[in-house]
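Coordinates in review
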Amino acid sequence: MTYRLTRQAQSDIKAIYHYTVEYFGEGQAREYLDGLDYSFDLLTDNPKLGRLWDGKGRRYVYKSHLVYYRMVKEDIVITRLRNARQQP
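Bear in mind that the values here come from a model prediction, so they are computed numbers and not experimental data. (Residues numbered from 1 in each chain as written. Predicted model: local features only at pLDDT ≥ 70, side-chain atom pairs only at ≥ 80, totals over all residues. Heavy atoms only, no water.)

**Description of the sheet that holds strand β5 (residues 75-83)**
An order of β1-β5-β4-β3-β2 is seen for the five strands of this open sheet, with the pairing classed as mixed. Two strands in the sheet have a free side with no partner beyond their single neighbour: β1 (2-5) and β2 (51-53). For this sheet, the mean inter-axis angle between neighbouring strands, taken without regard to orientation, is 40°. Strand direction decides the pairing type here: β2 and strand β3 (residues 57-62), joined by three bridges, are antiparallel. Looking at the pairing, Arg51 lines up with Arg59 of β3. (Pairing = 2+ DSSP bridges. Helix = DSSP H or I, 4+ residues; strand = E, 2+ residues; numbered from the N terminus. Axes fitted to C-alpha atoms, helices over the stretch in contact; angles between N-to-C directions.)

So, in structure tokens, the structure goes:
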């Protein structure tokens, strides 16, 4: 399996990066994104690791973010990344 990011997920990652750089610095931002990337790889190896959500997809918790994704054929499609304090 491989993973793909929707445009919205790509935009979410950019926003997470910019926010983290602003409040915590470049090093912390890179470390956080590396952790997200590791999580995406983990999901490709274990697609059912996330909990079922909305009957169509799954969500996985990475630190303070929820990773929303769907399994499509042989791929994981990451649709959104939201702060755990935000509404889904």
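**Thoughts on the nonpolar core**
Within the largest apolar cluster, 14 residues are counted, with the highest numbers of intra-cluster contacts made by Leu36, Phe40, Tyr60, Val67, Tyr69, Ile78 and Leu81. Of all the secondary structure elements, the ones that give two or more residues to this core are α1 (7-24), α2 (26-45), β3, β4 (65-72) and β5. The dominant element in this core, judged by the number of residues it contributes, is α2, at four residues. With residues near it in sequence (within four places) discarded, Tyr60 still touches Ser39, Leu42, Leu43, Leu49, Gly50, His65, Leu66, Val67 and Tyr69. (Core = buried A, V, L, I, M, F, W, Y, C linked by side-chain atoms within 4.5 Å. Buried < 20%, exposed > 50% of the residue type's maximum accessible area, 1.4 Å probe, protein only. Contact = heavy atoms within 4.5 Å.)

**A few points about the packing of aromatic side chains**
Counted by the stated rule, this structure contains four aromatic pairs. For the ring pair Tyr19 and Tyr23, a centre distance of 4.6 Å and an interplane angle of 35° mean the geometry is tilted. Here Tyr19 pairs with Tyr23, and both are found in helix α1, just four residues apart, close to one helical turn. Relative to Tyr62, the ring of Tyr32 has its centre 5.1 Å away and its plane inclined at 65°; by these criteria the two rings are edge-to-face. Here Tyr62 lies in strand β3 and Tyr32 lies in helix α2, a separation of 30 residues in the sequence. (Phe/Tyr/Trp six-rings, centres within 6.5 Å; stacked < 30°, edge-to-face > 60°.)

**Some remarks on the layout of surface pockets**
Space inside the largest pocket adds up to approximately 390 Å³. Listed by contribution, the elements that provide at least two residues to the lining of the largest pocket are α1, α2 and β5. Sorting elements by how many residues they give to the lining of the largest pocket places α1 first, with six residues. Of the residues contributing to the lining of the largest pocket, the split by class is six nonpolar, six polar and four charged. (1 Å grid on protein atoms, 1.4 Å probe; cavity = no way out; pocket = protein on both sides within 12 Å on 5 of 7 lines; lining within 4 Å. Points joined across faces, edges and corners; volume = space filled by probe spheres on them. Nonpolar A, V, L, I, M, F, W, Y, C, P; charged D, E, K, R; others polar.)

None of this, on its own, says anything about what the molecule does.
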